Amino acid sequence: PAALAHALCRNFGGKPEVLERVLRAFYRSCLGSSVLSMSAPTPVTELVRQNLAEHGVRHLMLLTRNVAALQLLFGSGLLDAARAEVLFGSRFPEDLSELQLVRQVNRVKLAMAKGETVVLVNHDNIYEALYDVLNQRSLVQHDPATGLRRKLLRLAIGSRSQLCAVHDAFKLVVIVEATHAYNNLD
C-alpha cells in the first residue's frame, strides 16, 4: 500500500481532490479496499527531487500560484541555476511570432542533446511544438557498426518536423499557474 500510494502521489499529485479519488480507486482495484491506510504522504519537494534525480521518468509539470514554484525550485536547491535554463512565455505579439517560437524550440533542442534541464514558465505557445517530447514518444536508433544506440524525439513547428537527439539526462520542467492548468490545458 505504501509503494502504491507513493507512486500515485508522484503521478497524480496536482489536484488534491483528484488525488484522493485516484487513491481510493487504485486501492479498491489493487488492494480490494477503498480505505486509505497510508501514513503521511511524501512531501511534494521530495517527490520533485526524486523526479529530477531519475532518468527515464516523465517530465515534470508543477502547478503554481504567482510563479512561486520557480523560486522554490532554485531556492530549495532542487535545481542548480547554473545547470538549468529558464524560458518564460509571453503574450506580447512580437514574442508570439514564428521566429521567436523557433528560437525557443532551438534552445530546448540544444538542451535535449546535452542532457540539460529546461524550465518552461507559462509557455503555452511552445507546448504543441514539444508534443512528442512532453509525451516521451521517442524513437531509438541502433547503429549496427558501432553498437551504439541513439534516442530521438520529434520537434515540430507547423508542418515542419525534425527528429532530434536526446540525452538520457535531459529534463523538462513545465511550470504553469494552477488555475490556468485546470481551466485551459489538456
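Everything that follows concerns the structure shown earlier in this document.
Residues numbered from 1 in each chain as written. Predicted model: local features only at pLDDT ≥ 70, side-chain atom pairs only at ≥ 80, totals over all residues. Heavy atoms only, no water.

So, on to the packing of helix 1 (residues 2-12) against helix 2 (residues 16-31). The interhelical angle for the contact between helix 1 and helix 2, taken along N-to-C directions, is 145°, at an axis separation of 10 Å. Seen along the crossing, helix 1 lies across helix 2 with a hand that is right-handed. For the pair helix 1 and helix 2, the contacting residues are Leu4, Ala5, Leu8, Cys9 and Phe12 in the first and Leu19, Val22, Leu23, Phe26, Tyr27, Cys30 and Leu31 in the second. Partitioned by chemical class, the residues of the contact of helix 1 with helix 2 number twelve nonpolar, no polar and no charged. (Axes fitted to C-alpha atoms, helices over the stretch in contact; angles between N-to-C directions. Helix = DSSP H or I, 4+ residues; strand = E, 2+ residues; numbered from the N terminus. Left-handed = near helix turned anticlockwise from the far one by under 90°. Contact = heavy atoms within 4.5 Å. Nonpolar A, V, L, I, M, F, W, Y, C, P; charged D, E, K, R; others polar.)

The next subject is the layout of surface pockets. Approximately 1800 Å³ is the volume found for the largest pocket. If you go around the largest pocket, you meet 43 residues; those closest to its centre are Gly14, Leu60, Met61, Leu62 and Leu63. Going through the elements one at a time, helix 1, helix 2, helix 3 (44-53), strand 1 (60-64), helix 4 (68-75), helix 7 (131-134) and helix 8 (178-184) are the ones with two or more residues in the lining of the largest pocket. The residue inventory of the lining of the largest pocket, partitioned by class, reads 26 nonpolar, eleven polar and six charged. If you add up the space inside the second largest pocket, you get close to 230 Å³. Around the second largest pocket sit Leu52, Leu78, Leu79, Asp80, Arg83, Ala84, Gly115, Glu116, Thr117, Ala169 and Lys171, which together line it. Split into classes, the residues belonging to the lining of the second largest pocket amount to five nonpolar, two polar and four charged. (1 Å grid on protein atoms, 1.4 Å probe; cavity = no way out; pocket = protein on both sides within 12 Å on 5 of 7 lines; lining within 4 Å. Points joined across faces, edges and corners; volume = space filled by probe spheres on them.)

Reading across from one edge, 4-5-6 is the order of the three strands in this open sheet, with antiparallel pairing throughout. Here the strands that pair on one side only, and so sit at the sheet edges, are strand 4 (139-142) and strand 6 (160-165). Here the average twist between neighbouring strands, direction ignored, is 35°. The sheet contact formed by strand 4 and strand 5 (residues 149-157) spans four bridges and is antiparallel. Residue pairing across strands places Gln141 opposite Arg150, the latter belonging to strand 5. (Pairing = 2+ DSSP bridges.)

Keep in mind these values describe shape, not function.
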